[in-house]
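A structural walkthrough
Here is how the chains run, residue by residue.
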Amino acid sequence: MNNQKKNILKVASQLFYEQGYKKTYLDQIAEICEITKPLISYYFKSKSSLGRSVGDAFLFDLKNTVALKLYNNYFKGRRTDLQVGTAVEIRLYHLMFLSDPKAMQFIRELADDKYEDMFSTEGNVLYKMHQRRYHLDFDEKIDELAMIANAARSSSFSLMWAFDRGEFKCTRDDCLDYIIRLNFMLMHINSQRIDEIIAESKTVLETVPFSFKPYFQID
C-alpha cells in the first residue's frame, strides 16, 4: 500500500471512530490529508468502500495478532489448531464492537449506508482454509462454501446487534459462544467438537492477553 493510500485509511479510521461514519465526510478526510476528494475515490471508489477498508484493516491486524500470539504463547511451536484460532478471532472481533460504543456506532452506520460493504472481499478465504485443513464436506455444485461464508457473516452481525439492543436474555459471553457455535455448525462440525473448540478458545484467552485500543486496534 502506498503512503498516500495508507494515510487516507489512517485518517478515515480516526474520524470514523471519533465522529461516527455518518458525520465524517470525504471532503474532511481530503482536507486533513491535504489531497483532493477525487483522489480518495480513486483509491477507494466510495465512502462505504473506504468504511469497508477500515474494517478490513482491523480484521487483518486481528488475524495476524491472534496467529502470532497463539503460536508464541499458547501452542509454543506446535502446529496451531486452526479451529481454536478461528474461535478466538470470532470472539475478539465481535467483542471489540460489543465493548466499544464508538466501534459499534461505526459498524451500524456503515450497515445503514450500504450493508454489502460491511463484508470483506476476502470473506471466503477463511472457509477455504478450513476446507483444506479438515476436508469439510461442502457441496461444490451449489457453491455451498460461498453460501456458508455469507450466512455466517450476516448471521453473526445480526446476533451481535440484537444482543446490543437487549433482545436476548443471556450474558455477552453466552452470545459470543453462540456466534462461534453458529459459524462451526454451518461448517458441519459436530456439536461435541464445537464444545471442545469453544472451551479451548476460552482457555487461550485466559492464558494469552489481548486488549483493544481506539481506532480499531488490537494488542
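Residues numbered from 1 in each chain as written. Predicted model: local features only at pLDDT ≥ 70, side-chain atom pairs only at ≥ 80, totals over all residues. Heavy atoms only, no water.

**A look at the overall build of the protein chain**
Inclusion rule: Put simply, DSSP marks the helices as runs of H or I at least four residues long and the strands as runs of E at least two long, and each gets a number from the N terminus on. Radius of gyration: C-alpha atoms only; globule rule: 2.2 Å multiplied by the number of residues to the exponent 0.38. By definition, residues are in contact when any of their heavy atoms lie within 4.5 Å. Accessible areas in this description were obtained via Shrake-Rupley with a 1.4 Å probe; residue shielding takes into account the shown protein chains only. Only four residue types enter the tally: Lys and Arg on the positive side, Asp and Glu on the negative side, with His and both chain ends excluded. Taken as the charge centre is NZ of Lys, CZ of Arg, CG of Asp or CD of Glu, depending on the residue.
Check the secondary structure of the protein chain and you find ten helices and two strands. Listing each helix as α and each strand as β along the protein chain from the N terminus yields α-α-α-α-α-α-α-α-α-α-β-β. For the protein chain, the C-alpha radius of gyration of 18 Å lies close to 17 Å, the compact-globule estimate for 219 residues. Each of the three principal axes of the protein chain carries a C-alpha extent, and together these read 55 × 40 × 40 Å. Considering only intrachain contacts with a sequence separation of at least 6, the fraction spanning at least 24 residues in the protein chain is 70%. Surface exposure of the protein chain reaches about 11700 Å², of which carbon and sulfur atoms provide 50%. Taken together, the 30 basic and 30 acidic charged side chains of the protein chain have centroids lying 3 Å from each other.

**Some words on the packing of helix H8 (residues 144-164) against helix H9 (residues 172-186)**
Keep this limit in mind: In this analysis, axes come from line fits to C-alpha atoms, helices being fitted only over the stretch in contact, and the angle between any two N-to-C directions falls in the range 0 to 180 degrees. Roughly parallel refers to an angle under 35 degrees, roughly antiparallel to one over 145, roughly perpendicular to one between 65 and 115, and oblique to any angle outside these ranges. Should the near helix be turned anticlockwise from the far one by less than a right angle, the crossing is termed left-handed; should it be turned clockwise, right-handed. The residue classification treats Ala, Val, Leu, Ile, Met, Phe, Trp, Tyr, Cys and Pro as nonpolar and Asp, Glu, Lys and Arg as charged. All others, Gly included, are polar.
One can describe the packing of H8 onto H9 by two numbers: an axis separation of 9 Å at closest approach and a directional angle of 170°. When the axis of H8 is compared with that of H9, the two are roughly antiparallel. In this structure, H8 crosses over H9, and the sense of that crossing is right-handed. Contact residues: Ile 148, Ala 151, Ala 152, Ser 155, Ser 156, Leu 159, Met 160 and Phe 163 in H8; Arg 172, Cys 175, Tyr 178, Ile 179, Leu 182, Asn 183 and Leu 186 in H9. Here the residues of the contact of H8 with H9 sort into eleven nonpolar, three polar and one charged.

**A short note on the packing of aromatic side chains**
Operational definition: Each Phe, Tyr or Trp ring, with Trp reduced to its six-membered ring, pairs with another whose centre is within 6.5 Å; inter-plane angles below 30 degrees give stacked pairs, above 60 give edge-to-face pairs, and intermediate values give tilted ones. Accessible area is worked out with a 1.4 Å probe on protein chains only. A residue is then buried under 20% of its type maximum, exposed over 50%, and partly exposed in between. The rule is short: NZ of Lys or CZ of Arg within 6 Å of the ring centre and within 35 degrees of the ring normal puts a charge over the ring.
Going through the model one piece at a time under the given rule, you end up with 13 aromatic pairs. Considering the side-chain rings of Tyr 74 and Phe 75, the 5.0 Å spacing of their centres and the 90° angle between planes classify their relative orientation as edge-to-face. Per residue, the accessibility class of Tyr 74 equals that of Phe 75, and both read buried. With centroids separated by 5.5 Å and ring planes inclined at 35°, the aromatic side chains of Phe 157 and Trp 161 adopt a geometry described as tilted. Taken as a pair, Phe 157 and Trp 161 lie in helix H8 at a separation of four residues, close to a single helical turn. Phe 157 sits in the buried class, given a relative accessible area of 4%. Within the aromatic cluster, the residues linked to one another by ring pairs are Phe 16, Tyr 17, Tyr 21, Phe 106, Tyr 215 and Phe 216. The positively charged end of Lys 69 is found above the aromatic ring belonging to Phe 210, 4.8 Å away from the centroid.

**Description of empty space enclosed by the protein**
Quick reminder of the rule: Cavities and pockets are found on a 1 Å grid laid over the protein atoms alone: a cavity is a set of points where a 1.4 Å probe fits but cannot escape, a pocket is an open set with protein on both sides within 12 Å along at least five of seven lines, and a lining residue has an atom within 4 Å of such a point. Grid points are joined across faces, edges and corners, and a volume is the space filled by probe spheres set on the points.
The final tally for this structure, using the stated rule, is one cavity of 30 Å³ or more. Of the voids in this model, the largest cavity is the one considered here, and its volume is about 60 Å³. Taken together, Gly 51, Arg 52, Val 54, Gly 55, Phe 58, Tyr 93, Phe 97, Phe 106, Ile 107, Leu 110, Met 118 and Phe 216 make up the lining of the largest cavity. Elements that contribute at least two residues to the lining of the largest cavity include exactly helix H4 (47-73), helix H5 (82-99) and helix H6 (101-113). The element best represented in the lining of the largest cavity is H4, accounting for five residues. Split by residue class, the lining of the largest cavity holds nine nonpolar, two polar and one charged.

**Digging into the packing of H6 against H8**
Following both chains from N to C, one finds H6 and H8 inclined at 120°, their axes separated by 12 Å at the closest point. Relative to H8, the element H6 lies oblique. You can see that H6 and H8 cross each other, and the crossing is left-handed. Packed against H6, whose contacting residues are Met 104, Ile 107, Arg 108 and Ala 111, the element H8 presents Phe 157, Met 160, Trp 161 and Asp 164 at the interface. Split by residue class, the contact of H6 with H8 holds six nonpolar, no polar and two charged.

**Observations concerning the side chain of Ser 48**
The topology assignment puts Ser 48 in helix H4. Ignoring anything within four residues of it in the chain, the contact list for Ser 48 reads Tyr 21, Leu 110, Asp 113, Lys 114 and Asp 117.

**Description of the nonpolar core**
Put simply, the rule reads: What makes a nonpolar core is a set of buried Ala, Val, Leu, Ile, Met, Phe, Trp, Tyr and Cys residues whose side-chain atoms join them at distances within 4.5 Å.
Counting 71 residues, the largest nonpolar core has Ile 8, Ile 29, Ile 40, Leu 50, Ile 107 and Met 160 as the members making the most contacts within it. Counting residues per element, this core draws most heavily on H5, at ten residues. Filtering out sequence-adjacent residues up to four positions away, Ile 107 remains in contact with Phe 97, Met 118, Phe 157, Met 160 and Trp 161.

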